[in-house]
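Remarks on the overall topology
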Amino acid sequence: ELKVEQNPLFLSMQEGKNYTIYCNYSTTSDRLYWYRQDPGKSLESLFVLLSNGAVKQEGRLMASLDTKARLSTLHITAAVHDLSATYFCAVPMDSNYQLIWGAGTKLIIKP
Amino acid sequence: DTEVTQTPKHLVMGMTNKKSLKCEQHMGHRAMYWYKQKAKKPPELMFVYSYEKLSINESVPSRFSPECPNSSLLNLHLHALQPEDSALYLCASSRGLAGGPTAYSYNEQFFGPGTRLTVL
């Protein structure tokens, strides 16, 4: 059974600090997605990681994928309050339609 | 047009009502999805339409009935719902898979704003 585990599930941090969210998955996959969700809102696609060693950056967020370790990381650099949200990673199943989702990491960034 | 739209934004219904949720996309995507999301949880897949045909039904109760009138539209018909069905209902679309190795490169899903459903 494919499982996707995120940690931490909750993270409270100060503005200006760096931190990393981890996403581990239990089966072979060379693709992984990161989404952001603001409270009461929908899901916004952040990154699509398509191969081993893939690294994508957008502003203060950087995502990477290590398919051998079955691990993706979402690194936050010099956090700002606007990055407060819940972040989900998701791994596609063989069908490529179904995604297995992590539980989400709720990130709170305090001024 | 690079977005998925959903109506209504909010819906309150009684357990005997019949209502419908609507979703529309004009990105030329050939796969469309319905998800249910409870608070503080990841979304749960309900249905997938691929090329206007129902391809995945995740054992959803029959009180939820999907419909795909054409490649741009997706409906979810609701009847005799229970209070535990209250949730955020999300529609998503993706390019879909036309077959062949390149088609499997990725199938990124784009989500609509959702319908907040309350069943009384």
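None of the values given here were measured: they were computed from a predicted structure.

Considering the overall build of chain A
In terms of regular secondary structure, chain A is built from zero helices and 11 strands. Counting from the amino terminus, helix and strand elements in chain A follow one another as β-β-β-β-β-β-β-β-β-β-β. Computed over its C-alpha atoms, the radius of gyration of chain A comes to 13 Å, within 12% of the 13 Å expected for a compact globule of 111 residues. Its C-alpha atoms put chain A at 40 × 30 × 20 Å along the principal axes. The proportion of buried residues among the 111 residues of chain A is 47%.

What to know about the state of the cysteines
All names here are of chain B. As enumerated under the stated definition, the model contains two disulfides over all chains in all. Paired through a disulfide, cysteine 23 and cysteine 91 show a sulfur-sulfur distance of 1.9 Å. Residues cysteine 23 and cysteine 91 are joined by a disulfide whose S-S torsion is about -70°; by sign, that bridge is left-handed. Of this pair, cysteine 23 sits in strand β3 (residues 18-25) while cysteine 91 sits in strand β9 (residues 87-94), and the two are 68 residues apart along the sequence. In this structure cysteine 23 comes out as buried when scored by relative accessible area, which is 2%.

What about the pairing of strand β3 (residues 19-25) of chain A?
Residue and element names in this part refer to chain A. Where strand β1 (residues 4-7) meets β3, four bridges bridge the pair, whose relative direction is antiparallel. Paired with glutamate 5 across the two strands is asparagine 24, which belongs to β3. Where β3 and strand β8 (residues 71-76) come together, six bridges link them in antiparallel fashion. Looking at the pairing, tyrosine 22 lines up with threonine 73 of β8.

Observations concerning the sheet that holds strand β1 (residues 4-7) of chain B
All names here are of chain B. Strand order in the open sheet formed by four strands is β1-β3-β8-β7, and the pairing between neighbours is antiparallel. The open sheet has two free edges, formed respectively by β1 and β7 (64-70), since each of these has just one partner strand. On average, adjacent strands in this sheet sit at an angle of 20° to one another, irrespective of strand direction.

Some points on the interface of chain A and chain B
On the side of chain B, 26 residues touch chain A, which itself brings 20 residues to the contact. Between chain A and chain B, a total of about 1,800 Å² is buried, with carbon and sulfur atoms accounting for 57% of that surface. The tally of links between chain A and chain B comes to eight residue pairs in polar contact (both at pLDDT 80 or more). At the level of secondary structure, the elements contributing two or more residues to the side of chain A that touches chain B comprise β4 (32-37), β5 (43-49) and β10 (99-101) of chain A. In terms of residue class, the side of chain A that touches chain B is made up of 10 nonpolar, eight polar and two charged.

Criteria and thresholds
- Residues numbered from 1 in each chain as written.
- Chains lettered and ligands numbered in written order.
- Predicted model: local features only at pLDDT ≥ 70, side-chain atom pairs only at ≥ 80, totals over all residues.
- Heavy atoms only, no water.
- Helix = DSSP H or I, 4+ residues; strand = E, 2+ residues; numbered from the N terminus.
- Rg over C-alpha atoms; globule rule 2.2 N^0.38 Å.
- Buried < 20%, exposed > 50% of the residue type's maximum accessible area, 1.4 Å probe, protein only.
- Disulfide = S-S within 2.5 Å.
- Pairing = 2+ DSSP bridges.
- Axes fitted to C-alpha atoms, helices over the stretch in contact; angles between N-to-C directions.
- Contact = heavy atoms within 4.5 Å.
- Buried area = accessible area lost by both parts, 1.4 Å probe.
- Polar contact = N/O pair within 3.5 Å; in protein donor to acceptor, adjacent residues only side chain to side chain.
- Nonpolar A, V, L, I, M, F, W, Y, C, P; charged D, E, K, R; others polar.

Purely geometric stuff here, so don't read any function into it on its own.
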